[in-house]
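# A structural walkthrough
What follows is each chain in one-letter form.
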Amino acid sequence: MFSKEVYSRRRETLLGKLRTAGESGIVLFIGNAEAPAQYRDNCYKWRQDSSWLYYFGLDEPRYAAVLDIESGREVIYADDVDIDDIIWMGPQPSVQSLAESVGVAHTAPYGKVDEDVAAARKAGRKVHYLAPSRYFNTLRLMELIGRARVDLGVSRPLTEAVISMRLVKEDIEIEALDAACALGYEMHSVARDSIVPGIVEQDIVGKMEGVALSKGWGVSFPTILTQHGETLHNHIHDKVIEPGKLMVIDAGVEANSHYASDFTRTYPTSGKFSGKQKDVYEIVLASHELAFSLTRPGITYREVHLAAARRTLEGLSALGIVRGDLDEMVALGIAGLFQPHGLGHNMGLDVHDMEDLGEDLVGYDPDQKRAKQLGLGSLRMARRLVPGHVITDEPGIYFIPALIEKFKNEGLGKDFVNYALLESYYDFGGIRIEDDVLVTPSGARRLGPKRLPATVADIEEAMRR
Ligand code: GLY
Ligand code: MN
């Protein structure tokens, strides 16, 4: 947790933004509650709501808060533990002391938030709230605002104000992200050093997630570790590692601070790339490096995505997989056949930061519209970059037989794609390379004290050791 001044200042800034936008009424925040996995006393691992963490820091279930835009009064609603709780959980700090630790003076029992919100509504005051990320919060909002379609009442001014703040990271957040990336580096190093043909993928997942659990909160998303990297989010880890394959490892740590890391590397399971694997790997690496070199204030990440896509097509063209004018191919979205996802996303307290608040609101400037094209249409961060943005740089090349067949059968890109040659890549798999990047006043820097080996030579050297 940060100091109480940090949370007070953030809430003050938020209310200031709403006042400047001409808004009035109250702001309602609902923290998460424990979520039973099977029955009430056996819950999913506890994780607080990220916007709650940003403004209130308190990592406790069943908290809510109301900020009064006009008066600035702040109230936290939660219940102190009783003797039954103490028997099972031990003594706990009081709600009042926790509230004071984040600069909030007033507290009330959890149930009182219903009364106070009802009174505000009765007085005709506007109730601003964010899109809920969990069903519990949706249900609570239904009770509090008295309507089933909670989504229709989400406050756009509040959402925009929160996004504008969380999108540009403060120095203390960058420190936390660097620390999360240091753990991500450690986790990935353990994974890389565990790759041996003959063992089951799950074996490595356990070891690497052990690092995340022993030094941080855990993983920032379900680990992707697979010899079928062409399946973008492959969470199945039951395959025996075979020699001569490529293994995609896309994984991140959520530190105890709750800030995330998200790295991807692709390794030859035998420790050495084949000529064919190396050829494709070098293309992805070139796109990855190009994207990083272009990342700086003033450019849009959409432009960076398109430049990386062009570089990928240039490489594929040299291999004879595509042919024709590169700009034409970019415009037609041919790159999406090989990389059906975007170049990157925002990262912070969430690995895909704030996507619960609305992907387009978070990732697109008001004058930008999301494309429909395969690949570009999945770009989650397109904005014009400013210092403090934290994004991922994660191009890939995937040979997805079903997608290639679909394109071929529909005659898509038939003037550009060498479908006959592509058949020899149907068992290739996929490659992705991902680093986490901070936009700085003069350009960009990769987060974390050390960068995971990324070149062919460095990966082979690391695997030899
Ligand atoms: N690393 C997983 C993702 O970005 O979706
Ligand atoms: Mn990512």
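Data block above holds the structure.
Reading guide: rules and limits
- For every chain, the first residue of the written sequence is number 1, and numbering continues from 1 along that sequence.
- Lettering of chains starts at A and numbering of ligands starts at 1, both following the order in which they are written.
- The model is predicted, so local features are restricted to residues of pLDDT at least 70 and side-chain atom pairs to those at 80 or more, both for listing and for counting; the totals for chains, interfaces and linings are taken over all residues.
- Only heavy atoms go into the side-chain values, all of them from the structure, while hydrogens and water stay out.
- In DSSP terms, a helix is any run of H or I states spanning at least four residues, a strand is any run of E spanning at least two, and both are numbered starting from the N terminus.
- Buried residues are those whose accessible area, probed at 1.4 Å on protein chains only, stays under 20% of the maximum for their type, while exposed residues exceed 50% and partly exposed ones sit between those limits.
- In this analysis a donor is any N, O or S atom within 2.8 Å of a metal ion (3.2 Å for sodium, potassium and calcium), and since water is not included, sites may seem incomplete.
- Here is the rule: rings of Phe, Tyr and Trp (six-membered ring for Trp) pair when centre to centre is within 6.5 Å. Planes less than 30 degrees apart are stacked, more than 60 are edge-to-face, and the remainder are tilted.
- Whether a charge lies above a ring is judged from NZ of Lys or CZ of Arg, which has to be within 6 Å of the ring centre and within 35 degrees of the ring normal.
- Cavities and pockets were defined on a 1 Å grid built over protein atoms only: a cavity is a set of grid points that admits a 1.4 Å probe from which the probe cannot escape, a pocket is an open set flanked by protein on both sides within 12 Å along at least five of seven lines, and lining residues are those with an atom within 4 Å of any such point.
- Grid points are joined across faces, edges and corners, and a volume is the space filled by probe spheres set on the points.
- Only Asp, Glu, Lys and Arg are considered charged in this grouping, and only Ala, Val, Leu, Ile, Met, Phe, Trp, Tyr, Cys and Pro are considered nonpolar; every other residue, Gly among them, is considered polar.

### Digging into the environment of E328
Residue position: E328 is located in helix α12 (residues 326–332). On the basis of relative accessibility, which here comes to 41%, the residue E328 falls in the partly exposed class.

### A word on the coordination of the manganese ion (ligand 2)
Only D262 (OD), H345 (NE2), E394 (OE) and E434 (OE) from the protein coordinate the manganese ion (ligand 2), and they sit 2.1 to 2.3 Å from it. Mapped onto the sequence, the residues coordinating the manganese ion (ligand 2) show the spacing D-x82-H-x48-E-x39-E. Of this pair, H345 sits in the loop between α13 (335–338) and α14 (359–363) while E434 sits in the loop between β13 (430–432) and β14 (435–440), placing them 89 residues apart in sequence. One exposure class covers both H345 and E434, and it is buried.

### As for the packing of aromatic side chains
Enumeration over the complete set of coordinates arrives at 12 aromatic pairs. Three or more aromatic residues joined by ring pairs make a cluster, and in this case those are F29, W52, Y54, Y55, F56 and Y63. The cationic tip of K45 hangs over the ring face of W217; the distance from NZ or CZ to the ring centre is 4.1 Å. If you follow R446 out to its NZ or CZ, it ends over the ring of F292, 3.8 Å from the centre.

### Regarding empty space enclosed by the protein
On inspection of all chains with the given rule, the structure shows 2 cavities of 30 Å³ or more. The space that makes up the largest cavity amounts to roughly 150 Å³. Considering the residues around the largest cavity, the lining is formed by 14 residues, among which F29, I30, D49, L130 and A131 are closest to the centre. The set of elements that each furnish at least two residues to the lining of the largest cavity consists of β1 (26–30) and α6 (135–145). At 3 residues, the largest contribution of residues to the lining of the largest cavity is made by β1. Grouping the amino acids of the lining of the largest cavity by side-chain chemistry returns 9 nonpolar, 3 polar and 2 charged. As a volume, the second largest cavity reaches approximately 100 Å³. Taken together, the elements giving at least two residues each to the lining of the second largest cavity come down to α11 (301–318) and α13. Tallying contributions element by element places α11 first for the lining of the second largest cavity, with 4 residues. The residue makeup of the lining of the second largest cavity, split by class, is 6 nonpolar, 7 polar and no charged.

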